[in-house]
Amino acid sequence: MRKPNSKCCVTNKAPRDQRDQEQWDDDAHVTTNPVIIGPQGLKEIWTSAKANYFPLTLTSFWLQHAAWGLEPLGYRLVTLACHLAAAFLLWRVLVRLRVPGAWLGAALWALHPVQAESVAWICELKNTQSAVFFLASILCHLRWREVSPGAFGRRWYAAALACALLAILSKPSTVMLPVVLALLGWWESRRWTWRDVVLLGPFLALSAVAAGWTIWEQRHNSGALGPEWNQTFPERLVIAGRAIAFYLGKLAWPEPLTFIYPRWRVAADDIGAFLPLVAAAAVMGALWLRRRRTAEAASFLAAACFVALLFPVLGFFNVYFFRYSFVGDHFQYLASMAPLALAGAGLAVAANRLGAFARVGGASALLAGLAFLTAREAREYRDNEALWRATVADNPGVIMAWLNLGDTYVKAGRLEEA
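Residues numbered from 1 in each chain as written. Predicted model: local features only at pLDDT ≥ 70, side-chain atom pairs only at ≥ 80, totals over all residues. Heavy atoms only, no water.

Peer 1: I'm lost on the overall build of the protein chain in this one. Help?
Peer 2: When helices and strands are counted, the protein chain shows 18 helices and zero strands. In terms of C-alpha radius of gyration, the protein chain reaches 22 Å, essentially the compact-globule figure of 22 Å for 418 residues. Oriented by its inertia axes, the alpha-carbon framework of the protein chain measures out at about 65 × 50 × 45 Å. For the protein chain, buried positions account for 51% of its 418 residues. Across the protein chain, contacts joining residues at least 24 apart in sequence account for 71% of those joining residues at least 6 apart. Element-wise, carbon and sulfur atoms account for 67% of the exposed surface of the protein chain, whose accessible area totals about 18700 Å². (Helix = DSSP H or I, 4+ residues; strand = E, 2+ residues; numbered from the N terminus. Rg over C-alpha atoms; globule rule 2.2 N^0.38 Å. Buried < 20%, exposed > 50% of the residue type's maximum accessible area, 1.4 Å probe, protein only. Contact = heavy atoms within 4.5 Å. Areas by Shrake-Rupley, 256 points an atom, 1.4 Å probe, with all protein chains shown as cover.)

Below is the structure:
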């Protein structure tokens, strides 16, 4: 997203400790980050917590700034390239898992409008870059399961572990990778063994360290402490159930999408508020009980991966963004792979009854429709004014969006509009 003065990422705002005007990640990650544009550099990127601790992503920003300064086009091309690489790797993972319609599942994920936020918002390079290493780790791990044991197998295992580390260093929300690896191992053999658990140990250790650091960082560095995060455990259960339903709903019907959704009022004393979580648990349980059937096993795998990858942002841990909303499109960037791959498989199986022309025409129409919606959504991220105007149009109650729209007008010299 373009910043009017620097021509790079979005938002010109005051520090986080000021309540009247809030700072998003763009300035802290790139345009005012001293390790990117100031006197500091790579050493501080890896040894200090400037913005949040995403050292590999910040290293990428450092290299990009050295190459083309704050001109946004280069940043956009890099994050788009990462997204396309992730889509390719997702296709390869689905092919290796023998999922029907692998190409369609990967295309649905790549072109779905909910991805516009992650790809068009420059600082969300941490999403697209981490996805590349996340999927590369899965691909190497699946290859290791095929060729293990032996020296060749050990190399694939080491490659999977290295990619897992690179994914975490790009964005710690990839800490659920060991759970996904365990689920995929179950899918291939329909059982778990102690050997599988032991060999996931190094992955679990990496994730545990990253998770512990991130929980501390969100509370004490990002400032996710105070009344906005003082939910009780029952209230957090309500948030989790509603978030799962929300994200599935946006995948099924991505309209409207907005940068900041209204923050829910949570009422744990209303028994009906727990229905989404109870329904999710019931569906998961029913699918597990019927797991001997391929369709139900595949559905369980997709549902379990979806919930596992959402778990860090379901409300059980303090996240600074929850001050404004408990949900955000960029939170389901990885998680959306599972249900969209399942949808692609279902469509591919159903389309086998149709002729080749109907199959190609139907798939083309579906993907063209998603591409149109994605292009329309991406236009909202072209500059500050477009973003904040779209946000207040969809969510008029978000005060900080009004403040930042006014701030944008002030910096442009449009004082009467401000």
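Peer 1: How should helix α14 (residues 294–310) be read in this particular structure?
Peer 2: Since there are 3.6 residues in each turn of an α-helix, residues three or four apart along the chain are aligned in direction. Look at α14: 24 Å from first C-alpha to last across 17 residues, which is about the 24 Å you get at 1.5 Å a residue. For α14, every residue scored as buried is listed here: E296, A297, F300, L301, A302, A304, C305, F306, A308, L309 and L310. (Expected span 1.5 Å × (residues − 1).)

Peer 1: Help me understand empty space enclosed by the protein in this model?
Peer 2: A probe as big as a water molecule, rolled over the atoms, marks out the empty space that is left. For the coordinates displayed, the defined rule picks out two cavities of 30 Å³ or more. Space inside the largest cavity adds up to approximately 60 Å³. Considering the residues around the largest cavity, the lining is formed by H141, W144, R145, L181, A182, G185, W186, W192, D196 and L200. Tallying contributions element by element places helix α9 (residues 177–189) first for the lining of the largest cavity, with four residues. There is about 40 Å³ of room inside the second largest cavity. Lining the second largest cavity are A164, I168, T174, L177, P178, F203, L206 and S207. Taken together, the elements giving at least two residues each to the lining of the second largest cavity come down to α8 (151–170), α9 and α11 (201–220). Ranked by residue count, the leading element in the lining of the second largest cavity is α11, at three residues. (1 Å grid on protein atoms, 1.4 Å probe; cavity = no way out; pocket = protein on both sides within 12 Å on 5 of 7 lines; lining within 4 Å. Points joined across faces, edges and corners; volume = space filled by probe spheres on them.)

Peer 1: Mind showing me how you'd approach the packing of aromatic side chains here?
Peer 2: How two aromatic rings sit relative to each other is set out by the distance from centre to centre and by the angle between their planes. Within this structure, the stated rule accounts for 28 aromatic pairs. Ring centres of W68 and Y75 lie 6.4 Å apart, and the angle between their planes is 80°; on these two criteria the pair is classed as edge-to-face. Note on Y75: relative accessible area 2%, which makes it buried. On the basis of an interplanar angle of 75° and a centroid distance of 5.6 Å, the ring pair of W186 and F300 is categorised as edge-to-face. With W186 in helix α9 and F300 in helix α14, the pair connects residues that are 114 residues apart, well separated along the chain. The rings of W229, F246, Y247, Y261, W264, Y320, F321, F322, Y324, F326 and F331 are connected pair by pair, giving a single aromatic cluster. Geometry around W91 places R92 over its ring, the cationic atom sitting 4.8 Å from the centre. Looking at R190, its charged tip hangs above the ring of W187, at a distance of 4.2 Å from the centre. (Phe/Tyr/Trp six-rings, centres within 6.5 Å; stacked < 30°, edge-to-face > 60°. Lys NZ or Arg CZ within 6 Å of the ring centre and 35° of its normal.)

Peer 1: Explain the nonpolar core here, please?
Peer 2: Within soluble globular proteins, side chains that are nonpolar generally end up buried alongside one another. One finds W109, F134, L135 and I138 to be the most contacted residues of the largest nonpolar core, which totals 114 residues. A total of 11 residues in this core trace back to one element, the largest contributor, which is helix α7 (residues 125–147). Excluding its chain neighbours within four sequence positions, the residues that come into contact with F134 are A167, T174, L177, V180, L309 and L334. (Core = buried A, V, L, I, M, F, W, Y, C linked by side-chain atoms within 4.5 Å.)

Peer 1: Hey, could you run me through helix α4 (residues 72–96) in this one?
Peer 2: Taking 1.5 Å per residue, 25 residues should reach 36 Å; α4 reaches 36 Å between its end C-alpha atoms and fits that length. Restricting attention to buried positions, one finds in α4 the residues P72, G74, Y75, T79, C82, H83, A86, A87, L89, L90, V93 and L94. Looking at the residues trailing α4, positive phi occurs at R98, about 60°.

Peer 1: Help me understand the packing of helix α5 (residues 102–111) against helix α16 (residues 356–378) in this model?
Peer 2: In a packed pair of helices, the relevant descriptors are the angle between the two axes and the axis-to-axis distance. Closest axis-to-axis distance for the α5/α16 pair is 9 Å, and the angle between their directions is 20°. Taken together, α5 and α16 sit at an angle that is classed as roughly parallel. Considering how the two elements wind past one another, α5 and α16 form a crossing that is left-handed. Residues W103, L104, A107, L108 and L111 of α5 form the contact with α16, whose own contacting residues are A363, L366, L367, L370, A371 and T374. (Axes fitted to C-alpha atoms, helices over the stretch in contact; angles between N-to-C directions. Parallel < 35°, antiparallel > 145°, perpendicular 65-115°, else oblique. Left-handed = near helix turned anticlockwise from the far one by under 90°.)

Peer 1: I would appreciate a short explanation of the state of the cysteines in the present structure.
Peer 2: Here a disulfide denotes a covalent bond joining the sulfur atom of one cysteine to the sulfur atom of another. Counting across every chain of the model gives zero disulfides. C140 forms no disulfide, and the closest cysteine sulfur to it belongs to C163, at a distance of 4.7 Å. Relative accessible area serves as the criterion here: at 11%, C140 is assigned to the buried category. Here C305 stays free of any disulfide, with the sulfur of C140 as its closest cysteine sulfur at 18 Å. Overall, C305 belongs to the buried group, its relative accessible area being 7%. (Disulfide = S-S within 2.5 Å.)

Peer 1: Got a minute to help me understand a nonpolar patch on the surface in this structure?
Peer 2: Residues F88, W91, V95 and W103 make up a contiguous nonpolar surface patch of roughly 390 Å² in combined accessible area. For the nonpolar patch, the element with the most residues is α4, which contributes three residues. With respect to the helices, strands and loops of the structure, V95 is situated in helix α4. (Patch = residues over 30% accessible without salt bridge, like charges linked within 9 Å, V, L, I, M, F, W, Y side chains within 5 Å. Salt bridge = Lys/Arg side-chain N within 4 Å of Asp/Glu carboxyl O.)

Peer 1: What is the right way to look at the pattern of salt bridges in this model?
Peer 2: Think of it this way: side chains of opposite charge can pair up when their charged atoms draw near. The tally for this structure, following the rule as stated, stands at 13 salt bridges. The partner of D196 in a salt bridge is R145, with the nearest N and O atoms 3.5 Å apart. Here D196 is found in helix α10 (residues 194–199), whereas its partner R145 is found in helix α7, with 51 residues between them in sequence. For D196, a relative accessible area of 15% translates into the label buried. In this structure R145 comes out as partly exposed when scored by relative accessible area, which is 24%. A salt bridge links E228 to R323; its shortest N-O distance comes to 3.7 Å. Here E228, found in the loop between α11 and α12 (233–252), pairs with R323, found in the loop between α14 and α15 (337–351); they are 95 residues apart in sequence, far enough to count as distant. Note on accessibility: E228 and R323 belong to one class, buried. When salt bridges with common partners are traced through the structure, they connect R96, R143 and E146 into a single cluster.

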